[in-house]
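What the coordinates show
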Amino acid sequence: MSDCSGCASSNPDGSCASSSGCDNPDEKLQKTLGRIKHKIVVMSGKGGVGKSTVATNIAVALSLAGKKVGLLDVDVHGPSVPRLLSLKGEKPHMSEKHMEPVPWSKNLSAMSLGFLLEDERQAVIWRGPVKIGLIKQFVEDVMWGDLDYLIVDCPPGTGDEPLTTLQTLGPTAMGVIVTTPQGVAIDDVRRSLSFVGDVGNRVLGLVENMSGFACPDCGSVHNIFNTGGGEELAKEAGVQFLGRIPLDPEVAHSGDEGFPFMKIHRETATGEAMATIIAPMLNLPDPA
Ligand SMILES: Nc1ncnc2c1ncn2[C@@H]1O[C@H](COP(=O)(O)OP(=O)(O)O)[C@@H](O)[C@H]1O
Ligand SMILES: [Mg+2]
Ligand SMILES: [Zn+2]
């Protein structure tokens, strides 16, 4: 059934009958959102802290646990999901009004601007309003279908992308904030935390990434730098601390190769750490 069924201007088969585009975008958006149980937006104040890595591994792990998952990359300046899932060069199927997300497995499909650019080095200069329109379309015009989870990978900061994402997904969308143990990142995280609250959404929790070093020689995690900043901040801000992920050369390697860590290295200390972070998401109660 197409998304326009039930709309005043729909064809008997449920497709949109309007030639000038959907008359009722809000109704269409509400229909799309009504088919998605949980919406999780991964963000941080800073770049390079591992948002895309964390978002992708959350999506992969949930899908391997049997959940239906969509992964939406709204980092329009530096989309990384196509590479992280080895889907570079894939093109979504498109019809006049809809776009199908690119499947990674039976349970996981993804959408990213990276799938739509002819050349990944293509310089894209996006003005705010164009970005906002694109992100709305990525939610509304993509045939996500029935999803247990939509995971969104944001660019750093508190700009147009996370704002539009939260506003489009609505107040039930929850933020997951990624930080590193270092102080600078922590200050930025404070801003992300209050940003999510200001928009009217809830923070599901905080992840401290690159926390300690997963030693390839002995398999244990060595705390060579300070750790725990994220946990302290979570406590101070009254949000859940989801856990810490060590700096692990295999995480970087799996990202470069496009084989998500959680698919191939679940049994390691880092895999367990990621599983710990994902457990509260896996156990979210169904929306009323
Ligand atoms: N826990 C980790 N251990 C080792 N490398 C990591 C870890 N998390 C992320 N990385 C690496 O750090 C770089 C930045 O990660 P990325 O997920 O792209 O960050 P962001 O999306 O926040 O900019 C990538 O090369 C990635 O492979
Ligand atoms: Mg990223
Ligand atoms: Zn060691």
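Residues numbered from 1 in each chain as written. Chains lettered and ligands numbered in written order. Predicted model: local features only at pLDDT ≥ 70, side-chain atom pairs only at ≥ 80, totals over all residues. Heavy atoms only, no water.

1. Some words on the overall build of the protein chain
Condition: Under the DSSP-based scheme used, a helix requires at least four consecutive residues in state H or I and a strand at least two consecutive residues in state E, with every element numbered from the N terminus. The globule rule used for comparison is 2.2 Å times the number of residues to the exponent 0.38, while the radius of gyration itself is calculated over C-alpha atoms. Each residue gets one of three labels from its accessible area relative to the maximum for its type: buried under 20%, exposed over 50%, partly exposed in between, using a 1.4 Å probe on protein chains only. Any pair of residues with heavy atoms lying within 4.5 Å of one another is described as a contacting pair. For this count, His and the chain ends are skipped, Lys and Arg are scored as positive, and Asp and Glu as negative. A charged residue contributes its charge at one atom only: NZ of Lys, CZ of Arg, CG of Asp or CD of Glu.
A count of helical and extended segments in the protein chain gives 10 helices and 9 strands. In terms of overall dimensions, the protein chain is globule-like: its C-alpha atoms have a radius of gyration of 19 Å, near the 19 Å expected for 288 residues. Its C-alpha atoms give the protein chain principal-axis dimensions of roughly 65 × 40 × 35 Å. Expressed as a percentage of the 288 residues in the protein chain, the buried residues total 51%. For the protein chain, contacts bridging at least 24 residues in sequence account for 75% of all contacts bridging at least 6. Computed over 25 positive and 35 negative side-chain charges, the separation of the two mean positions in the protein chain equals 2 Å.

2. With respect to the environment of Leu-204
Relative to the helices and strands, Leu-204 is located in strand β7 (residues 202-214). With relative accessibility at 3%, the residue Leu-204 sits in the buried group. Along the backbone, Leu-204 and Ala-110 are 94 residues apart, and their C-alpha atoms lie at a distance of 22 Å. Beyond its immediate stretch of four places on either side in the chain, Leu-204 contacts Ile-40, Met-174, Gly-175, Val-176, Gln-240, Leu-242, Met-281 and Leu-284.

3. Here we look at the site of ligand 1
Keep this limit in mind: Throughout, the term near means that a residue has one or more heavy atoms lying within 4 Å of the molecule or strand in question. Polar contact is the term for a pair of N or O atoms within 3.5 Å; when the atoms are in protein, one must be able to donate a hydrogen and the other to accept it, and sequence-neighboring residues count only if both atoms are side-chain atoms.
Not every one of the 15 residues close to ligand 1 is listed here, only the nearest: Gly-48, Lys-51, Thr-53, Pro-246 and Asp-248. Between Ser-52 and ligand 1, the recorded distance is 2.9 Å, taken from a side-chain N or O atom to an oxygen atom. At 2.9 Å from a nitrogen atom of ligand 1 is found a main-chain nitrogen or oxygen belonging to Pro-246. Among the secondary structure elements, those contributing two or more residues to the shell around ligand 1 are α2 (51-64), β7, β9 (241-247) and α8 (249-257).

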